[in-house]
Amino acid sequence: QSGAVKFRGLVDATGQRYPQGWVPGRGFSVTQGGPTLAQWFGRAIDSRPQANNRTRSDYRRDFATHVPSWLGSMPIETITREDVGKWLTGLQATLAPKTVHNVHGMVSSVMKDAQTDGLLTRNPFAGRSKSVPVRHEEMVFLTPAEFATFLAFVSEHYRPLVRFLFATGLRWSEATALTAEHVDLGGMRLFVVTAWKRQPGGESLSLDPKSTKSRRTVTLTPRLADILASATYNKVAGDLVFVNKAGHRIQSGTFYNAVWDPARKRAEAAGFGKHPRVHDLRHSHAAVLLSGGQPVLSVSRRLGHASAAITSDLYGHLLPEVDVALMGLLDDAGL
């Protein structure tokens, strides 16, 4: 029965025609020489030395969840751009656009590996997700003055962490995984080399950050250095810099429910007009730097983005303010 269901799915996917490679009365032809998409995906993921066990597990889960059997069972050399288009259309019916792009990019990357290895002459997945519109998250930007107002509503124990997030632009997973050994107060800098990541089985471990570019050095202001000096006082190398009141790791869900959301509600009750999320502290950090005239490339490196293009795509609407500031500088120089 499972074979019949699979065959029906393949027929539906090919417009009520016999699937490619199917010989009536005999089933699929054994002359198909290349691996199926599912077979190649497993081989390609297992051969990526840069991927850790958690990443491989996530890839396999997403493939099993979002790639239907009719596509996964097709030999890679027989997959057409039409097949990919039908798959994406199906994904759009149930998934958010960003998720569609992520899943497509994952599969496309392994097909690119097949092309590099000479198993394919072209990658039918390449560029196919461009027609799927992505709605960027609604970002809330806080000016330094607005942040100072909001900070007053945050419970005192967590104010150093919240100020740190705004002043460095670090991701939550990076800031809460920061250890004393990675803070160089004498050099007025810190090193981002760890971040919390969910592992197979549900355990969170402090491992490498999101990408290679995420490993970076972040310079500190004197005020921020003072905050870190207090936060690292009497701590040894492997101790977390920011901890909860019990001295343990700060969990994001607990922080949101017990600290952040109550602070927002108190701020709104007092007339504060914005509704920021924790991640908006990172966006606000970028906005302060860009509106102050800092180059996109410098901001991108400080944030640990994989490329300056990501920074430009996220914050491109802020660049007119930068242009105004630059024109002012040119005017002051008599140019």
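Treat the numbers as computed from the prediction; the structure is a model and nothing was measured.

(A) View of the pairing of strand S4 (residues 189-192). The alternating pattern of S4 places Leu190 and Val192 on a buried face and Arg189 and Phe191 on a face that is not buried. Sheet analysis places strand S3 (residues 183-184) next to S4, joined by two bridges and oriented antiparallel. Following the sheet pairing, Asp184 is matched in S4 by Arg189. Where S3 hands over to S4, the hairpin turn is made up of four residues, of which Met188 adopts a positive phi near 55 degrees.

(B) The arrangement of the pattern of salt bridges in detail. The full count for this structure, using the stated rule, is 12 salt bridges. Between Arg171 and Glu174 there is a salt bridge, with the nearest N and O atoms lying 2.6 Å from each other. A salt bridge links Arg277 to Asp280, with the shortest nitrogen-to-oxygen separation between them at 2.9 Å. What makes Asp280 buried here is its relative accessible area of 0%.

(C) Just the packing of aromatic side chains, in detail. Tallied over the full model, the rule gives 10 aromatic pairs. Judged by centre distance (5.8 Å) and plane angle (50 degrees), the rings of Phe150 and Phe272 are tilted. You can see Phe150 sitting in helix H7 (residues 144-151) and its partner Phe272 sitting in the loop between helix H11 (252-269) and helix H12 (280-291), a full 122 residues away along the chain. Phe150 gets classed as buried once you look at its relative accessible area, which sits at 1%. Note on Phe272: relative accessible area 12%, which makes it buried. A ring pair is formed by Phe164 and Phe242, whose centres lie 5.0 Å apart and whose planes are at 50 degrees; its orientation type is tilted. Here Phe242 lies in the loop between helix H10 (222-231) and H11 and Phe164 lies in helix H8 (residues 159-168), a separation of 78 residues in the sequence. Judged on exposure class, the residue Phe164 and its partner Phe242 are both buried. By the ring-pair criterion, three or more aromatic residues cluster together here, those being Phe150, Tyr158, Trp172, Phe255, Trp260 and Phe272. A cation over an aromatic ring shows up here: Arg249 above the ring of Trp196, its NZ or CZ 4.0 Å from the ring centre.

(D) Molecular detail of the side chain of Ser214. Along the chain, Ser214 falls in the loop between strand S6 (204-207) and strand S7 (216-219). In this structure Ser214 comes out as buried when scored by relative accessible area, which is 0%. Within polar-contact distance, the side chain of Ser214 engages the side chain of Arg171 at 3.3 Å. A distance of 3.4 Å separates a polar side-chain atom of Ser214 from the backbone oxygen of Gly304.

(E) Representation of the sheet that holds S7 in the model. Judged by pairing direction, the sheet is antiparallel, and its three strands sit side by side in the order S3-S4-S7 without closing on themselves. Unpaired on one side and paired on the other, S3 and S7 mark the two borders of the sheet.

(F) Representation of the packing of helix H13 (residues 296-303) against helix H14 (residues 308-315) within the structure. Between H13 and H14, the shortest axis-to-axis distance is 8 Å and the interhelical angle comes to 100 degrees. By the criterion of interaxial angle, the relationship of H13 to H14 is roughly perpendicular. Here Val296, Leu297, Val299, Ser300 and Leu303 of H13 lie close against H14, whose contacting residues are Ala308, Thr311, Ser312 and Tyr315.

(G) Quick look at the pairing of S7. Burial of the side chains of S7 is restricted to one face: Arg216 and Val218 are buried, whereas none of Thr217 and Thr219 on the reverse face is. When S4 meets S7, the two strands line up antiparallel, connected through four bridges. When the bridges of S7 are listed, Phe191 appears paired with Thr217.

(H) Region of interest: the nonpolar core. The biggest cluster of nonpolar side chains holds 36 residues, and the ones touching the most others in it are Phe164, Leu190 and Phe255. Residue assignment for this core shows that the elements contributing at least two residues are H7, H8, helix H9 (172-175), S4, H10 and H11. In this view, Phe164 contacts Gly169, Leu170, Ala175, Leu178, Leu190, Leu224, Leu228 and Phe242; residues no more than four positions away in its chain are not counted.

(I) Region of interest: the environment of Leu95. Mapped onto the fold, Leu95 is located in the loop between helix H5 (81-92) and helix H6 (97-116). Along the primary structure Leu95 and His66 are separated by 29 residues, whereas in three dimensions their C-alpha atoms are 9.4 Å apart. Not counting residues up to four positions away in its chain, the partners in contact with Leu95 are His66 and Val100.

Cut-offs used in this document
- Residues numbered from 1 in each chain as written.
- Predicted model: local features only at pLDDT ≥ 70, side-chain atom pairs only at ≥ 80, totals over all residues.
- Heavy atoms only, no water.
- Buried < 20%, exposed > 50% of the residue type's maximum accessible area, 1.4 Å probe, protein only.
- Helix = DSSP H or I, 4+ residues; strand = E, 2+ residues; numbered from the N terminus.
- Pairing = 2+ DSSP bridges.
- Salt bridge = Lys/Arg side-chain N within 4 Å of Asp/Glu carboxyl O.
- Phe/Tyr/Trp six-rings, centres within 6.5 Å; stacked < 30°, edge-to-face > 60°.
- Lys NZ or Arg CZ within 6 Å of the ring centre and 35° of its normal.
- Polar contact = N/O pair within 3.5 Å; in protein donor to acceptor, adjacent residues only side chain to side chain.
- Axes fitted to C-alpha atoms, helices over the stretch in contact; angles between N-to-C directions.
- Parallel < 35°, antiparallel > 145°, perpendicular 65-115°, else oblique.
- Contact = heavy atoms within 4.5 Å.
- Core = buried A, V, L, I, M, F, W, Y, C linked by side-chain atoms within 4.5 Å.

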